[in-house]
Amino acid sequence: MRRILAENGREYLPQYALATLCLVAVAATTAFSAWIMRDIIDEIFYRENYELVPYICGAIVAAFAIRGIASYGQAVILARIGNNLVARYQRRLFDHLMRLGLDFYSSARSGQLAAQISQNVTGIRDMLSITLTSIARDLVSLIGLVAVMVMQDPLLSVIGLLIGPPLVYAVNYLMRRLRRVTRESVEVNSHLFGAMQETVQGIAIVKAFTMEEQLSKKLSELVASAENRANKIARVSERLTPITEMLAGLAIAGVIGYAAYRAASAGQSPGSVFAFITALLLAYDPARRLARVQVNLERSLVNARMIYELLDQEPPQRDAPGAKELVVGAGGIVFRGVCFSYGSDKRVLDDVSFEAEPGGVTAIVGSSGAGKSTLVALVQRFYDVDSGRIEIDGQDIADVTKSSLRARIAYVSQHPYLFEGTIRDNIRYGRPDASDEEIETAARLANADDFIRESAFGYEALVGENGITLSGGQRQRLSIARAIVRNAPILLLDEATSALDNESEARVQDALDTVMKGRTTIVIAHRLSTVVNADKIVVMEEGRVVEQGTHRALIADPAGLYARFHRLQGERSLEIVDDQLLKEKSA
Ligand code: ADP
């Protein structure tokens, strides 16, 4: 809590001051209505001093009016602070999430993460409004009312206040239990929302494999568990109510009993006893709320703690002190003895050395799990190598700024991801300052212009979360257009394995040929034609480079892995490639 206040408190100081003023006004008017009770009883009814009636009635109307306006003021101010705070934490978290490394995301699930953040951020907002409302309004009201009680009757006050110590004890006990249940509840809920989101995203698979029943069962277990936690929270936190009620009943009964005994024996005027009892009854509400504060606060503190656990995760691979901008000339990429593992002991890349010639196409081939994607991830410095180095034009990529490195690289992934927004926006992510003209040229070069123009809204057409309305080939061409717009000297390409229909495939290939032209390209190759046409082929097996050379050189060694690979891929596909090559030549 100290951290939240330290990080945010200062900026809200004027608003807090104003809100506190309003809250104090609310408290003062509440105390006033108890205090005036004595005059009402003693002056009007006991002494029949009727000329005071207009003054007393006027004062009461004024007090309630002030109370109403002040209540409104504090509620609005506190809500605004709370909403602003939510917005600030949402921004902070989003910025932070984008700075975290890929390793964070390989262990976190997106749906769960989003659900956890939304639950926890509201928790922080509640915390500040809870503390302030309770402390300023309830505590001040309570002090005012206790002051009225003491002024009216010190001895009776002592009886009333006897319930304090047992109450404090009960609150402390409940708080400890609540802390654990709340954390469990946030976790279960985020699991639940995460599972729902994943189901929606994979709905086609769900239906295809008739997974509905299994998923329903799994989800229903989560739902039951979330329900159970929510009930437990209610049971634990509401346990305070019977305790406070019983203690309050004892206090009020004690006071009335003793006051009656004194009135009978000493014949006191009823005014001060009435004022006292009014104050006591009025004090009951704020006292009860104050007792709850800690309970509610404990829940919010769990939320805050979880938020800070996320914010405190250090983004990995900060730029080295004095890191320079990467300067790319020809754009040659060299791997020198690169070893890498993902945290565990298993070596994913083992002493990998090769050179991707400037301006040429280097195809990486190898069976699944050989380490091809890892290699491409390392060029972008998504992870740091364990030993060895990767150089671009002679500069170790560990010594240059990550932003300058990534600015010189265009990446086309196997799964083209389209973001919420229009087609134009999606191409522009390649380079934010690209003009509309450049975007359209890129789309033309990527063979995407025709289908974009065919759609009703053209470049302004919205694409859904997964670009639902576009075919696989169209999405790929859009992501190629994005890479063309980026106009970076280095291209990293993860060729799609998923089969496209022939025409679509030919158009995607054509687009890829365009984007590769004049760029140093490293391509994870799945298609024979890519491999055959590459300037160099790097063959990988279990994290090692086992062969490298041109297609012609590698095929010459029939015992080599590449030649075997090639035979496995089948003569047929080779024929198709040769056909295509012939056609291209004649064209
Ligand atoms: P390829 O692209 O050749 O199929 P990858 O580079 O994806 O191979 O994977 C190489 C090895 O690294 C595999 O054994 C895979 O299980 C492992 N691997 C890939 N990504 C991760 C990751 N994020 N965390 C841990 N291990 C990973």
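Sequence order as written defines residue numbering, which begins from 1 separately in each chain. Local features are withheld for residues below a pLDDT of 70 in this predicted model, meaning they are given only at 70 or higher, and side-chain atom pairs are given and counted only at 80 or more; totals for whole chains, interfaces and linings count all residues. Note that the side-chain values use all heavy atoms of the structure and ignore hydrogens as well as water.

**Student:** Would you mind going over the overall build of the chain with me for this structure?
**Tutor:** Each helix is a run of DSSP H or I of at least 4 residues and each strand a run of E of at least 2, with the numbering of both proceeding from the N terminus. A tally of regular secondary structure across the chain gives 22 helices and twelve strands. Dimensions of the chain, computed from the C-alpha atoms along their principal axes, are close to 120 × 55 × 50 Å. Counting the 587 residues in the chain, one finds 45% classified as buried. Each accessible area is a Shrake-Rupley estimate made with a 1.4 Å probe; only the visible protein chains count as cover when residues are assessed. Accessible area for the chain stands at about 30500 Å²; split by element, carbon and sulfur atoms hold 58% of it. Only four residue types enter the charge count: Lys and Arg as positive, Asp and Glu as negative, with His and the chain ends excluded. In this description, the location of a charge corresponds to atom NZ of lysine, CZ of arginine, CG of aspartate or CD of glutamate. Within the chain, one finds 64 positive and 68 negative side-chain charges whose respective centroids are separated by 6 Å. Each residue's exposure class comes from its accessible area (1.4 Å probe, protein chains only) as a fraction of the maximum for that residue type: buried when under 20%, exposed when over 50%, partly exposed otherwise.

**Student:** Before we go on, may I ask you to explain the packing of helix H9 (residues 212-238) against helix H11 (residues 270-311) in this structure?
**Tutor:** A pair of packed helices is captured by two measures, namely the crossing angle of their axes and the spacing between those axes. It is the contact of H9 with H11, at a shortest axis distance of 10 Å, that shows an interaxial angle of 155°. Compared by their axis directions, H9 and H11 come out roughly antiparallel. Within the contact between the two elements, H9 uses Ile233, Ser237 and Glu238 and H11 uses Arg292, Val295 and Arg299. Interaxial angle, 0 to 180 degrees, is taken between N-to-C directions of lines fitted to C-alpha atoms, where a helix line uses only the stretch in contact. Roughly parallel here means an angle under 35 degrees, roughly antiparallel means over 145, roughly perpendicular means 65 to 115, and every remaining angle is called oblique. Contact definition: two residues touch when any of their heavy atoms are within 4.5 Å.

**Student:** Is there a simple way to explain the site of the ligand in this structure?
**Tutor:** Ser106, Tyr342, Lys346, Val348, Ser367, Ser368, Gly369, Ala370, Gly371, Lys372, Ser373 and Thr374 make up every residue found near the ligand. We define a polar contact as two N or O atoms separated by no more than 3.5 Å, with the added condition that, inside protein, one atom must be a possible hydrogen donor and the other a possible acceptor, whereas residues neighbouring each other in sequence contribute only through side-chain atom pairs. Tyr342 is positioned with one of its side-chain polar atoms (N or O) 3.5 Å from a nitrogen atom of the ligand. Within the contact set of the ligand, an oxygen atom lies 2.4 Å away from a side-chain nitrogen or oxygen of Ser373. When the free accessible area of the ligand is taken as 550 Å², the share hidden by the protein chains comes to 63%. In terms of residues, the shell around the ligand owes the most to one element, helix H12 (residues 372-379), which gives three residues. Here the shell around the ligand is built from residues that sort into three nonpolar, seven polar and two charged. Nearness is judged by heavy atoms alone; a residue qualifies as near a molecule or strand once a single heavy atom is within 4 Å of it. Throughout this entry, Asp, Glu, Lys and Arg are counted as charged residues, while Ala, Val, Leu, Ile, Met, Phe, Trp, Tyr, Cys and Pro are counted as nonpolar. The remaining residues, Gly among them, count as polar.

**Student:** Hey, could you run me through the confidence of the model for the chain in this one?
**Tutor:** Detailed reading of the predicted coordinates is not advisable wherever pLDDT falls low. Values of pLDDT, which run from 0 to 100, indicate the predictor's confidence residue by residue. Looking at the chain as a whole, its pLDDT mean stands at 83, while 94% of the residues score no less than 70. Note that pLDDT drops below 50 for residues 572-578; the model gives that stretch five contacts with residues more than four away or on any other chain.

**Student:** I'm lost on the environment of Val200 in this one. Help?
**Tutor:** By the secondary structure assignment, Val200 is in helix H7 (residues 164-201). The spacing of Val200 and Asn426 is 226 residues in sequence and 23 Å in space, taken between C-alpha atoms.

**Student:** Would you explain the sheet that holds strand S2 (residues 349-356) in this entry?
**Tutor:** Strand pairing in a sheet takes place through backbone hydrogen bonds and is either antiparallel or parallel in direction. A pair of strands counts as paired when DSSP detects no fewer than two bridges linking them. The strand order S2-S1-S4-S5 describes an open sheet built from four strands, whose pairing is antiparallel. Strands at the two margins of the open sheet, each flanked by one partner only, are S2 and strand S5 (395-396). The sheet contact formed by strand S1 (residues 333-340) and strand S4 (residues 387-392) spans five bridges and is antiparallel. Among the inter-strand pairings, Cys339 is bridged to a residue of S4, identified as Ser387.

**Student:** Explanation requested: the sheet that holds strand S3 (residues 361-366) in the structure shown.
**Tutor:** Across the sheet, which stays open at both edges, the six strands sit in the order S6-S9-S10-S3-S11-S12 with mixed pairing between neighbours. Taken across any chain shown, the strands that pair with only one partner, and hence form the sheet edges, are strand S6 (409-412) and strand S12 (544-549). For this sheet the average axis-to-axis angle between neighbouring strands, irrespective of direction, equals 20°. H12 rests against S3, S6, strand S9 (490-494), strand S10 (520-524) and strand S11 (536-541) of the sheet, and its axis sits at about 150° to S10. Strand contacts of helix H17 (residues 472-486): S6 and S9, with the helix running at about 175° to S6, the strand carrying the most contacts.

**Student:** Can you help me understand the nonpolar core in this one?
**Tutor:** For soluble globular proteins, the rule of thumb is that nonpolar side chains tend to be buried together. Note on terminology: a nonpolar core comprises buried Ala, Val, Leu, Ile, Met, Phe, Trp, Tyr and Cys residues joined through side-chain atoms within 4.5 Å. The biggest cluster of nonpolar side chains holds 43 residues, and the ones touching the most others in it are Ile423, Ile427, Ile452, Leu478, Ile480 and Ile537. Per-element tally for this core: the top contributor is H17, with six residues. Setting aside anything within four residues of it in sequence, one finds Ile423 in contact with Ile452, Gly458, Tyr459, Ala461, Val463 and Leu478. The next biggest cluster of nonpolar side chains, apart from the first, holds 30 residues, and it includes Ala356, Leu375, Leu405 and Ile490.

**Student:** Sorry, what's going on with the domain arrangement of the chain here?
**Tutor:** Frequently, the measure chosen for interface size is the accessible area removed from exposure when the parts meet. In terms of domain boundaries, the chain breaks down into domain 1 (2-311) and domain 2 (413-487). Between the C-alpha centres of domain 1 and domain 2 the distance comes to 51 Å. A domain assignment, automatic or from a database, supplies the domain bounds used here.

**Student:** It is not clear to me how the pairing of S9 should be interpreted in this structure. Could you clarify?
**Tutor:** Within a regular beta strand, the side chains point alternately toward one face of the sheet and then the other, so they alternate between its two faces. Counted residue by residue, S9 has five buried out of five residues, so it is predominantly covered. One ladder, built from four bridges, connects S6 with S9; its direction is parallel. Residue Tyr411 lies in a different strand from S9, and its bridge partner there is Leu492. One ladder, built from five bridges, connects S9 with S10; its direction is parallel. In the sheet register, Ile490 faces S10, and the bridge partner there is Thr520.

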